[in-house]
Amino acid sequence: MPFVTKLTFESGDRHLLEEVVREIKADAARKGVEHKGPHPQPPDDIRVPQSKTLLDTGGEFDAWNYTVYTRTIEIVGHDEFARSVAGRDLPAAISVEVEVEQRRGQGHGD
């Protein structure tokens, strides 16, 4: 029963995000690691209202708008590689979330 590690990368800097996931994909291919992705998700457009005062009585500045881009990569087995990717020193503009799931093969009853 292999473990599947799902890595979700998010950033407001799409070009930097693409560069990082491209490097990870190249490393996985070079080491013969079974992987899927990167899978792009639709970008999230975030709107943050900004008050002129702390008491919210002085009106608002224009809202701060930004876009968050997301890419996911699944690594099948190869726990050491998955751990090394999750522990990489990534640029501050990129966040990573790690999910580990144990998948059963077909024919295994619960």
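Everything discussed here concerns the structure shown above.
Rules used in this analysis
- Residues numbered from 1 in each chain as written.
- Predicted model: local features only at pLDDT ≥ 70, side-chain atom pairs only at ≥ 80, totals over all residues.
- Heavy atoms only, no water.
- Helix = DSSP H or I, 4+ residues; strand = E, 2+ residues; numbered from the N terminus.
- Buried < 20%, exposed > 50% of the residue type's maximum accessible area, 1.4 Å probe, protein only.
- Contact = heavy atoms within 4.5 Å.
- Areas by Shrake-Rupley, 256 points an atom, 1.4 Å probe, with all protein chains shown as cover.
- Arc of directions from axis to C-beta.
- Patch = residues over 30% accessible without salt bridge, like charges linked within 9 Å, V, L, I, M, F, W, Y side chains within 5 Å.
- Salt bridge = Lys/Arg side-chain N within 4 Å of Asp/Glu carboxyl O.
- Lys, Arg positive; Asp, Glu negative; His and termini not counted.
- Charge placed at Lys NZ, Arg CZ, Asp CG, Glu CD.
- Pairing = 2+ DSSP bridges.

1. Some words on the overall build of the protein chain
The number of helices and strands found in the protein chain is two helices and five strands. Starting at the N terminus, the α and β elements of the protein chain follow one another as β-α-β-β-β-α-β. Of all 110 residues assigned to the protein chain, the portion counted as buried reaches 28%. Within the protein chain, contacts between residues at least 6 apart in sequence are counted, and of these 74% link residues at least 24 apart. A total accessible area of about 7600 Å² is found for the protein chain, and carbon and sulfur atoms account for 48% of it.

2. Observations concerning helix α2 (residues 79-86)
Since one α-helical turn is 3.6 residues long, residues separated by three or four positions face the same way. What α2 keeps buried is the set Phe81, Ala82 and Val85. The arc that holds the buried residues of α2, viewed along the axis, is 100°, so those residues lie on one side. The outward face of α2, more than 90 degrees from its buried face, is lined by the exposed residues Glu80 and Arg83. Along its buried surface, α2 packs onto β1 (3-11), α1 (14-31) and β4 (60-76).

3. Considerations on a negative patch on the surface
A cluster of like negative charges, contributed by Glu10, Asp44, Asp45, Glu97 and Glu99, occupies part of the molecular surface. Contributing elements (two or more residues each) for the negative patch: β3 (44-51) and β5 (94-102). With respect to the helices, strands and loops of the structure, Glu99 is situated in strand β5.

4. With respect to the side chain of Thr5
Among the structural elements, Thr5 can be located in strand β1. Overall, the relative accessible area of 6% leaves Thr5 in the buried class. Once you skip the residues sitting within four places of it in the chain, Thr5 turns out to touch Ile73, Glu74, Ile75, Ala82, Val98, Glu99 and Val100.

5. Notes on the pairing of β4
Relative to β4, β1 runs antiparallel, the two sharing eight bridges. Bridging from a neighbouring strand, Val4 pairs with Val76 of β4. With four bridges joining them, strand β2 (residues 35-40) and β4 adopt antiparallel strand pairing. Bridging across to β4, His35 finds its partner in Ile75.

6. Quick notes on the pattern of salt bridges
Throughout the structure, instances matching the rule amount to four salt bridges. Asp27 serves as the salt-bridge partner of Arg88, at 2.4 Å between the closest nitrogen and oxygen. Remark: Asp27 occurs in helix α1 and Arg88 occurs in the loop between α2 and β5; sequence separation between them is 61 residues. Taking relative accessible area as the criterion, Arg88 reaches 26% and is therefore assigned partly exposed. In this structure, Arg83 engages Glu80 in a salt bridge whose closest nitrogen and oxygen atoms are separated by 2.9 Å. Placement of the pair is Arg83 and Glu80 together in helix α2, with a separation of three residues, close to one helical turn. Taking the relative accessible area as the measure of exposure, Glu80 reaches 57% and is therefore exposed.

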